[in-house]
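Listed below, chain by chain, are the residues.
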Amino acid sequence: MSKFRRMNQIFAADGRAVVAALDGFAFSMTTSGIDDTSLQIDQLVDAGLDTALVTYGQAKTYEHELSKVTTVLRVDANTEIYDSSVPNTQLFFDIKDALKLGASGVVCMTFPGASKREADSNHMLTKLAHQSAKWKVPVIAEALPFGYPVTSPKSNDPHYIATAVRLSAELGADIIKTRFTGTEEDALITGSTSQPVLALGGPKTDTLTYFKFVQHCIEIGARGVAVGRNITQSQSPVGIVAGLNAIVHNNADANTAFEIFKNYEKKNKKEG
């Protein structure tokens, strides 16, 4: 299969994607809701989910459920799993593992500007890029300036994020997942490369505020969102996905998306 065809499995026909980041077990203790959400994949797909980021273990455990959606394999993992700052990551899987599992792509983190990790993380990305050229499997770089969390003004500065995005593209990434700040300067991020950029899901927040953030990201040029906790820790993951689908694929505003979400939430309460 060509890389073009696999990219079209990750993104919908309009070139955008609603992505559920279900890969938290590889790098975080904040994983509540992921297993329950994984069991609802068919409902999430019906609501507009395009792709799921998963770990190797999930791909095996939820093989039946994940057969209904395009998957991207998380190939790196935190080497200090109890440290929420994700101080170090290493490559534990690669593109050949993704192919064995039927995944359409791979994802790994890079940490531009992090003195102790920058080189290693960039080497992981380039190793995957070399494999990608051979096996025609897209590589997503989760480019996080200075490290996993936002710890300084620079780590959440669109100028620095844009540089990280461009570096990832130059090192061979086909898609870049990264932070957006919610400011107009985010246009620097999407304008830094011709490769598609996905907005990182971000911290858990209230639903309307989150939809406003996603609307901003799409208006500023993001090709979609990769959302973890704001899906998995919602009272209605299906409703969140339906709202995201409206914004990402139909250019709906946040208030319209929120009404869609509330309708799903009411339905859940009646069924419960």
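Per an unreviewed UniProt entry, the protein goes by Phospho-2-dehydro-3-deoxyheptonate aldolase and derives from Lacticaseibacillus casei.

Draft legend 1. Seen up close, the overall build of the protein. Of regular secondary structure, the protein possesses 13 helices and 10 strands. Here the C-alpha radius of gyration of the protein, 17 Å, is about what a compact globule of 272 residues would show, namely 19 Å. Over its C-alpha atoms, taken along the principal directions, the protein stretches across nearly 50 × 40 × 40 Å. For the protein, the residues scored as buried account for 54% of the 272 residues in total.

Draft legend 2. The arrangement of helix H1 (residues 3–10) in detail. Burial in H1 covers these residues: Arg6, Met7 and Ile10. End-on, the buried residues of H1 take up no more than an arc of 105°, which puts them together on one face. Within H1, the exposed residues directed more than 90 degrees away from the buried face are Phe4 and Arg5. Check the buried side of H1 and you find it contacts strand S1 (17–21), strand S2 (51–54), strand S3 (70–74), helix H6 (95–101), helix H7 (118–135) and strand S8 (175–178).

Draft legend 3. Here's a closer look at the sheet that holds strand S9 (residues 197–200). If you walk around this closed barrel you meet the eight strands as S1-S2-S3-S6-S7-S8-S9-S10, and the pairing is parallel. Mean inter-strand twist for the sheet, computed between neighbouring axes without regard to direction, equals 25°. In this sheet, strand S6 (residues 105–110) lies alongside S3 in parallel orientation, the contact comprising three bridges. Across the sheet, the residue bridging to Leu73 is Val106, located in S6. Strand contacts of H7: S6 and strand S7 (139–143), with the helix running at about 160° to S6, the strand carrying the most contacts.

Draft legend 4. Here's a closer look at the pairing of S6. Within S6, six of the six residues are buried, which leaves the element mostly enclosed by the surrounding structure. Because side chains alternate across S6, one face comprises the buried residues Gly105, Val107 and Met109, and the other comprises Val106, Cys108 and Thr110, equally buried. Bridging between S6 and S7 involves five bridges; their strand directions are parallel. Following the sheet pairing, Cys108 is matched in S7 by Ala141.

Draft legend 5. The environment of Phe258, seen in detail. Relative to the elements of secondary structure, Phe258 occurs in helix H13 (residues 254–271). Taking C-alpha positions, Phe258 is 9.7 Å from Ala246, a pair spaced 12 residues apart along the chain. In this view, Phe258 contacts Thr207, Leu208 and Phe211; residues no more than four positions away in its chain are not counted.

Draft legend 6. Quick look at unusual backbone geometry. Even without glycine at this site, Lys136 takes up a positive phi of about 65°. Mapped onto the secondary structure, Lys136 falls in the loop between H7 and S7. With a phi close to 70°, Phe146 is a non-glycine residue in the positive phi region. Looking at where Phe146 falls in the secondary structure, it is placed in the loop between S7 and helix H8 (158–170).

Draft legend 7. Focus on the pattern of salt bridges. Tallying each qualifying case throughout the model produces seven salt bridges. Of the charged contacts, one joins Glu142 and Arg74 as a salt bridge, the two residues approaching to 2.5 Å between their closest N and O atoms. Remark: Arg74 occurs in strand S3 and Glu142 occurs in strand S7; sequence separation between them is 68 residues. Judged by its relative accessible area of 2%, Glu142 is buried. We note a salt bridge from Glu170 to Arg166, for which the minimum N-O separation is 2.6 Å. In this pair, Glu170 and Arg166 both sit in helix H8, four residues apart, roughly one turn of the helix.

Draft legend 8. Main features of the pairing of S7. In terms of residue burial, S7 counts as a mostly covered element, since five of its five residues are buried. In S7, alternate side chains face the same way, and those of Val139, Ala141 and Ala143 on one face and Ile140 and Glu142 on the other are all buried. Once you follow S6 into H7 and on to S7, the crossover reads as right-handed. With four bridges connecting them, S7 and S8 associate as parallel partners. The residue of S8 that forms the bridge with Glu142 is Lys177. The parallel pair S7 and S8, bridged by H8, forms a crossover whose chirality is right-handed.

Reading the values: rules and limits
Residues numbered from 1 in each chain as written. Predicted model: local features only at pLDDT ≥ 70, side-chain atom pairs only at ≥ 80, totals over all residues. Heavy atoms only, no water. Helix = DSSP H or I, 4+ residues; strand = E, 2+ residues; numbered from the N terminus. Rg over C-alpha atoms; globule rule 2.2 N^0.38 Å. Buried < 20%, exposed > 50% of the residue type's maximum accessible area, 1.4 Å probe, protein only. Arc of directions from axis to C-beta. Contact = heavy atoms within 4.5 Å. Pairing = 2+ DSSP bridges. Axes fitted to C-alpha atoms, helices over the stretch in contact; angles between N-to-C directions. Salt bridge = Lys/Arg side-chain N within 4 Å of Asp/Glu carboxyl O. Right-handed = clockwise from strand over helix to strand, strands pointing away.

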